[in-house]
Amino acid sequence: MENKELVEKALEARSAAYTPYSGFRVGAALLCADGTVYGGCNIENAAFGPSCCAERTAFFKAVSEGKREFSAIAIVGGPAGKEPEDFCPPCGVCRQVMMEFCDPERFRIVLGKGDLSFREYTLKELLPLGFAGDGVERKE
Ligand code: THU
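This report concerns the structure included in the present document. (Residues numbered from 1 in each chain as written. Predicted model: local features only at pLDDT ≥ 70, side-chain atom pairs only at ≥ 80, totals over all residues. Heavy atoms only, no water.)

1. Some words on the overall build of the protein chain
Counting secondary structure elements, the protein chain contains 4 helices and 5 strands. Secondary structure elements in the protein chain, listed N-terminal to C-terminal, are α-β-β-α-β-α-β-β-α. Here the C-alpha radius of gyration of the protein chain, 15 Å, is about what a compact globule of 140 residues would show, namely 14 Å. Overall size of the protein chain, expressed as C-alpha extent along the three principal axes, is 45 × 35 × 30 Å. Within the protein chain, the proportion of its 140 residues that are buried is 41%. Taking the intrachain contacts of the protein chain between residues at least 6 apart in sequence as the baseline, contacts between residues at least 24 apart amount to 62%. Carbon and sulfur atoms form 51% of the exposed surface of the protein chain, whose accessible area is close to 7800 Å². (Helix = DSSP H or I, 4+ residues; strand = E, 2+ residues; numbered from the N terminus. Rg over C-alpha atoms; globule rule 2.2 N^0.38 Å. Buried < 20%, exposed > 50% of the residue type's maximum accessible area, 1.4 Å probe, protein only. Contact = heavy atoms within 4.5 Å. Areas by Shrake-Rupley, 256 points an atom, 1.4 Å probe, with all protein chains shown as cover.)

In structure tokens form, the structure reads like this:
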């Protein structure tokens with residue numbers, strides 16, 4: 001799928017953002033290896049801590065439906081009431097979640113804006129020397 005189309009899907013997903021406490025609305029579109037796309041938005045909470053970023057919403061939706069292989073994610077974000085005018089890079093926690101499921105040299109992170117312009121990075125570029133759990137015992 002073209003990056004531009006993935007950015008459009010992230011913009012669509014952003015429309016469901018629940019952001020009463022920040023007014024900063026984020027959308028993500030996660031492209032699975034099988035071609036399916038999962039949207040995600042940020043979902044905030046009055047207790048702040050339980051809030052979830054758009055990227056993790058998309059990942060957890062996909063993984064909970066059995067997906068384990070991913071090609072790319074598009075991310076858009078910005079203040080409510082207008083289309084995103086700046087790029088919105090993923091937070092460190094979301095980069096670590098990507099590290100769990102994605103090949104850092106191949107997984108593409110596409111940052112988009114409302115005008116559908118975008119920049120593409122690999123996960124390795126945005127999370128150099130990421131922790132992949134090498135040496136952590138796996139039980140299954
Ligand atoms: N947020 C995301 O959803 N993704 C990001 O990559 C950066 C931040 C959310 C968290 C919070 O709901 C709001 O944006 C402001 O930080």
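2. What about the sheet that holds strand β5 (residues 118-122)?
Spatially, the 5 strands line up as an open sheet ordered β2-β1-β3-β4-β5, and their pairing is mixed. A single partner strand is all that each edge strand has here, and the edge strands are β2 (37-41) and β5. For this sheet, the mean inter-axis angle between neighbouring strands, taken without regard to orientation, is 20 degrees. As defined by bridge partners, strand β1 (residues 24-32) adjoins β2 across 5 bridges and the pair is classed as antiparallel. Along β2, the bridge assignment pairs Ala29 with Gly39. Packing against the sheet, helix α2 (residues 54-64) makes contact with β1, β2 and β3 (70-79), and its axis sits at approximately 140 degrees to β2. (Pairing = 2+ DSSP bridges. Axes fitted to C-alpha atoms, helices over the stretch in contact; angles between N-to-C directions.)

3. Re the site of the ligand
In the vicinity of the ligand, the residues found are Ser22, Phe24, Val26, Asn42, Glu44, Cys53, Ala54, Glu55, Pro89, Pro90 and Cys91. Glu44 has a polar side-chain atom sitting 2.5 Å from an oxygen atom of the ligand. Between Ala54 and the ligand, the recorded distance is 3.0 Å, taken from a backbone N or O atom to an oxygen atom. Burial of the ligand by the surrounding chains reaches 76%, relative to a free accessible area of 370 Å². Broken down by secondary-structure element, the contributors of at least two residues to the shell around the ligand are β1 and α2. Along the lines of polarity and charge, the residues of the shell around the ligand split into 7 nonpolar, 2 polar and 2 charged. (Near = heavy atom within 4 Å. Polar contact = N/O pair within 3.5 Å; in protein donor to acceptor, adjacent residues only side chain to side chain. Nonpolar A, V, L, I, M, F, W, Y, C, P; charged D, E, K, R; others polar.)

4. A look at unusual backbone geometry
Residues other than glycine seldom take positive phi values, yet Leu116 does so here, at roughly 75 degrees. Judged by relative accessible area, which is 18%, Leu116 ranks as buried. A positive phi is found at Leu129, a non-glycine position, where the angle reads about 55 degrees. With respect to the helices and strands, Leu129 occurs in the segment after α4 (123-126).

5. Thoughts on the pattern of salt bridges
For the coordinates displayed, the defined rule picks out 5 salt bridges. When the shortest N-O distance is used, the salt bridge between Asp34 and Lys67 registers 2.6 Å. Placement of Asp34 in the loop between β1 and β2 and of Lys67 in the loop between α2 and β3 is noted, with a sequence separation of 33 residues between them. Note that Lys124 and Glu105 form a salt bridge whose closest N and O atoms lie 3.4 Å from each other. Within this pair, whereas Lys124 is found in helix α4, its partner Glu105 is found in the loop between α3 (92-101) and β4 (108-112), the two being separated by 19 residues in sequence. (Salt bridge = Lys/Arg side-chain N within 4 Å of Asp/Glu carboxyl O.)

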